[in-house]
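# Coordinate inspection notes
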Amino acid sequence: MKDRFSAEKIKWAELKHERSLSPFSNLILRAYKSRVLRRICFSLCDRLEGNFFYSQTRRKIMKQYYGVTVGRYSYGPCLDPGVFPSGSVIGAYCSFGSELMVFRRNHPAETLTQHPFFYNRFLNIVDQDTIPLDQDNPLTIGNDVWIGSRTTILPGCKRIGDGAIIGANSVVTKDVDDFAIVAGNPAKEFRRRFTPEVAELVKKSEWWDLSLPDLMKANDLLFDPVTKEGISLFIQNMNGVDKNAAPEVVLQKAGSENAGV
């Protein structure tokens, strides 16, 4: 397996990783309470922490203020307030196209009227919501998921599995399995990205728990079709990396192992 990345590229990735959490993170997090400062806070996150791909503070804001958990390096509407309802959990390395819509509640079809007057307490007619809340039907999206532009996710979908692909303009009405490729209205599965044997190894690798500098060690696997032999070798090589270690420890390890590149 040849080295795809120069020492300069690896060092650049390490610096991005190191700077993903600003010393001013807690100050920005507190300032976000003020509505008039929110646009400025997001701008500071991007300027100080290397934009939305990396910013840890932006993810803290989404969790604390909106109840949405977003994994590292995931980007797109998942970091825009109001797109994902409270209780949503999104894994790492996910890619989202524009104009995504996510719904966790349906108008009641069995009652006399479907009007929100009679199920939404914020309209001041009922004291409590009479249908389940968003957080009662949370959406979980795995790691390395790609969702195309103008996709709609309906309440019947509770989980989108690791490595799944959802085509643009799709309407997702039910759960999507790991590594499935789905599209259409309603979205239907066309095929799987990997054979069952390779898919099992990819799941076992849990590569999405790695930082960008460590993932870059995968070299050819990041560019060429995944094979059983290739992913098996990657798993063996990564057995020495503690994915739960503090970022600075992982970076020190990555730096020492890449010193001769």
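Notes on the structure follow. Only a predicted model underlies this, so the values are computations on that prediction, with no experimental measurement involved.

Conventions adopted
Within each chain, residues carry numbers counting from 1 in the order of the written sequence. Residue-level local features of this predicted model are given only where pLDDT is at least 70; pairs of side-chain atoms are given and counted only at 80 or more, and the full residue set underlies all totals for whole chains, interfaces and linings. The basis for every side-chain value is the complete set of heavy atoms in the structure, and neither hydrogens nor water enter the calculation. Under the DSSP-based scheme used, a helix requires at least four consecutive residues in state H or I and a strand at least two consecutive residues in state E, with every element numbered from the N terminus. Here a polar contact means two N or O atoms within 3.5 Å. Within protein one must be a hydrogen donor candidate and the other an acceptor candidate, and residues neighboring in sequence count only if both atoms are side-chain atoms. Contacts are assigned to residue pairs with any non-hydrogen atoms lying within 4.5 Å of each other. To sort residues, take the accessible area from a 1.4 Å probe on protein chains only and compare it with the maximum for the residue type: under 20% means buried, over 50% means exposed, and anything in between is partly exposed. Any Lys or Arg side-chain nitrogen found within 4 Å of a carboxyl oxygen on Asp or Glu counts as a salt bridge. Cavity means a closed set of points on a 1 Å grid over the protein atoms alone, one where a 1.4 Å probe fits but cannot get out, pocket means an open set with protein on both sides within 12 Å along at least 5 of 7 lines, and lining means a residue has an atom within 4 Å of a point. Grid points are joined across faces, edges and corners, and a volume is the space filled by probe spheres set on the points. Amino acid classes used here: Ala, Val, Leu, Ile, Met, Phe, Trp, Tyr, Cys and Pro are nonpolar; Asp, Glu, Lys and Arg are charged; the rest, including Gly, are polar. Take the number of residues in a helix, subtract one, and multiply by 1.5 Å to get its expected span. Summarising the geometry, the arc corresponds to the directions from the helix axis toward the C-beta atoms. A pair of strands counts as paired when DSSP detects no fewer than two bridges linking them. In this text, buried Ala, Val, Leu, Ile, Met, Phe, Trp, Tyr and Cys residues form a nonpolar core when linked through side-chain atoms within 4.5 Å.

Moving on, we come to the side chain of S22. Mapped onto the fold, S22 is located in the loop between helix 1 (7–18) and helix 2 (25–31). Within polar-contact distance, the side chain of S22 engages the backbone nitrogen of F24 at 3.0 Å. In contact with S22, not counting residues within four places along its chain, are L48 and E49.

Attention now goes to the environment of G142. Along the polypeptide, G142 turns up in the loop between strand 5 (140–141) and strand 6 (146–147). A relative accessible area of 9% means that G142 is categorised as buried. Separated by 77 residues in sequence, G142 and N219 place their C-alpha atoms 23 Å apart. Excluding anything up to four places from it in sequence, G142 contacts G91, C94, I160, G161 and D162.

Next up on the list: the environment of E200. Mapped onto the elements of the fold, E200 is located in helix 5 (residues 196–205). Using a relative accessible area of 60% as the deciding quantity, one classes E200 as exposed. Separated by 15 residues in sequence, E200 and N185 place their C-alpha atoms 29 Å apart.

All chains considered together, the criterion is met by 14 salt bridges. For D220, the salt bridge identified is with R4, shortest N-O distance 3.0 Å. Remark: R4 occurs in the segment before helix 1 and D220 occurs in the loop between helix 6 (212–215) and helix 7 (228–238); sequence separation between them is 216 residues. The partner of D129 in a salt bridge is R121, with the nearest N and O atoms 2.7 Å apart. Classification of D129 as buried rests on a relative accessible area of 17%. Taking relative accessible area as the criterion, R121 reaches 33% and is therefore assigned partly exposed.

As a volume, the largest pocket reaches approximately 630 Å³. What lines the largest pocket is a set of 27 residues, and nearest its centre among them are Y93, D144, W207, L215 and L222. If you list the elements that add at least two residues to the lining of the largest pocket, you get helix 6 and helix 7. Partitioned by chemical class, the residues of the lining of the largest pocket number 23 nonpolar, 2 polar and 2 charged.

Moving on, we get to helix 3 (residues 38–49). End to end, helix 3 covers 16 Å across 12 residues, agreeing with the expected 16 Å (1.5 Å per residue, within 8%). Buried residues of helix 3: R38, C41, F42, C45 and E49, and no others. For helix 3, the angular spread of the buried residues around the axis is 100°, confining them to a single face. Residues of helix 3 that are exposed and angled more than 90 degrees away from the buried face: R39 and R47. Contact partners of the buried residues in helix 3: helix 2 and helix 4 (56–66).

Now for the pairing of strand 12 (residues 187–192). Pairing of strand 11 (residues 180–184) with strand 12, which is carried by 5 bridges, proceeds in the antiparallel orientation. Within strand 12, the position partnered with I181 by the bridge is R191. A loop of 2 residues connects strand 11 with strand 12, the two strands running antiparallel in sequence.

Next up on the list: the nonpolar core. With 25 residues, the main nonpolar core has F84, I90, F96, I141, I147, I153 and I160 as its most contacted residues. Apart from residues no more than four positions distant in its own chain, I141 is found in contact with F84, V89, I90, G91, C94, F96, I147 and I160. Among the nonpolar cores identified, the runner-up in size contains 20 residues, and A92, A199, I231 and M238 belong to it.

Moving on: unusual backbone geometry. Of all residues except glycine, most have a negative phi; of all peptide bonds, most are trans. Going from N185 to P186, the amide bond is cis rather than trans, its omega being -5°. Within the fold, P186 resides in the loop between strand 11 and strand 12. Phi is positive for N169, which is not a glycine, with a value near 65°. Looking at the element boundaries, N169 is found in the loop between strand 9 (165–166) and strand 10 (171–172). The class of N169 is partly exposed, set by a relative accessible area of 44%. Notably, N219 is not glycine yet its phi reads approximately 50°, a positive angle. Secondary-structure assignment places N219 in the loop between helix 6 and helix 7.

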